[in-house]
Amino acid sequence: MKRRSSSTIPFGYKLMEDGVHLEEVEYELKALNKIVPLVKNKVISLREGSSWLEYETGRPISHTGLNKIVSKYE
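Residues numbered from 1 in each chain as written. Predicted model: local features only at pLDDT ≥ 70, side-chain atom pairs only at ≥ 80, totals over all residues. Heavy atoms only, no water.

### Overview of the nonpolar core
In a soluble, globular protein the nonpolar side chains are often hidden away together inside. The biggest cluster of nonpolar side chains holds 10 residues, and these are Phe11, Ala31, Leu32, Ile35, Val36, Val39, Leu53, Ile61, Leu66 and Val70. Counting only elements with at least two residues in this core, the list comes to α1 (26–40) and α3 (63–72). The element that contributes the greatest number of residues to this core is α1, accounting for five residues. Those residues in contact with Leu53 that sit more than four places away from it in its chain are Phe11, Ala31, Leu32, Ile35, Gly58, Arg59, Ile61 and Leu66. (Core = buried A, V, L, I, M, F, W, Y, C linked by side-chain atoms within 4.5 Å. Buried < 20%, exposed > 50% of the residue type's maximum accessible area, 1.4 Å probe, protein only. Helix = DSSP H or I, 4+ residues; strand = E, 2+ residues; numbered from the N terminus. Contact = heavy atoms within 4.5 Å.)

Here it is in structure tokens:
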């Protein structure tokens, strides 16, 4: 459980009922962990990765949003 630090809810999390804390969404995080290495190694593009994530999870993410995640990924 993370504490909310901005108005944007990060991909892989959802806002809890208290409106302050974030709860992990396991299937979104698993999908993200599958796609990020592929984008980082240039196997697929950011646009392809964001499209795949939306298809798999039902939650939209822009290619720029995915780029921010990829740039922070270790």
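Once the structure has been displayed, the description carries forward.
### Remarks on the pairing of strand β3 (residues 21–24)
Where strand β1 (residues 2–3) lies against β3, two bridges are found, and the strand directions are antiparallel. Bridge pairing in β3 links Lys2 to Leu22. Here strand β2 (residues 13–15) runs beside β3; their pairing, made up of three bridges, is antiparallel. The partner of Leu15 across the bridge, within β3, is Leu22. In textbook terms, the turn of a hairpin is the stretch between consecutive antiparallel strands, and for β2 and β3 this stretch comprises five residues, one of which, Gly19, has a positive phi near 75°. (Pairing = 2+ DSSP bridges.)

### Concerning the side chain of Glu28
Inspection of the secondary structure puts Glu28 in helix α1. Beyond its immediate chain neighbours, meaning those up to four positions away, Glu28 contacts Phe11, Gly12, Tyr13, Thr57 and Arg59.

### Considering the sheet that holds β1
Strands sit in the order β1-β3-β2 across an open sheet of three strands; the sheet is antiparallel. Where the open sheet ends on each side, the last strands, each with one partner, are β1 and β2.

### Looking at α1
If you check α1, its first and last C-alpha atoms are 21 Å apart, about what 15 residues at 1.5 Å a residue would give, namely 21 Å. Tucked inside the fold, the buried residues of α1 contact β2, β3, α2 (46–57) and α3. Trailing α1 by a residue or two, Lys42 shows a phi angle of about 60°, which is positive. (Expected span 1.5 Å × (residues − 1).)

### Focus on the packing of α2 against α3
It is at 8 Å that the axes of α2 and α3 come closest, and there the two elements cross at 100°. In terms of their interaxial angle, α2 and α3 are classed as roughly perpendicular. On the side of α2, the interface is formed by Leu46, Arg47, Gly49, Ser50 and Leu53, while α3 contributes His63, Leu66, Asn67 and Val70. Its residues placed into classes, the contact of α2 with α3 shows four nonpolar, four polar and one charged. (Axes fitted to C-alpha atoms, helices over the stretch in contact; angles between N-to-C directions. Parallel < 35°, antiparallel > 145°, perpendicular 65-115°, else oblique. Nonpolar A, V, L, I, M, F, W, Y, C, P; charged D, E, K, R; others polar.)

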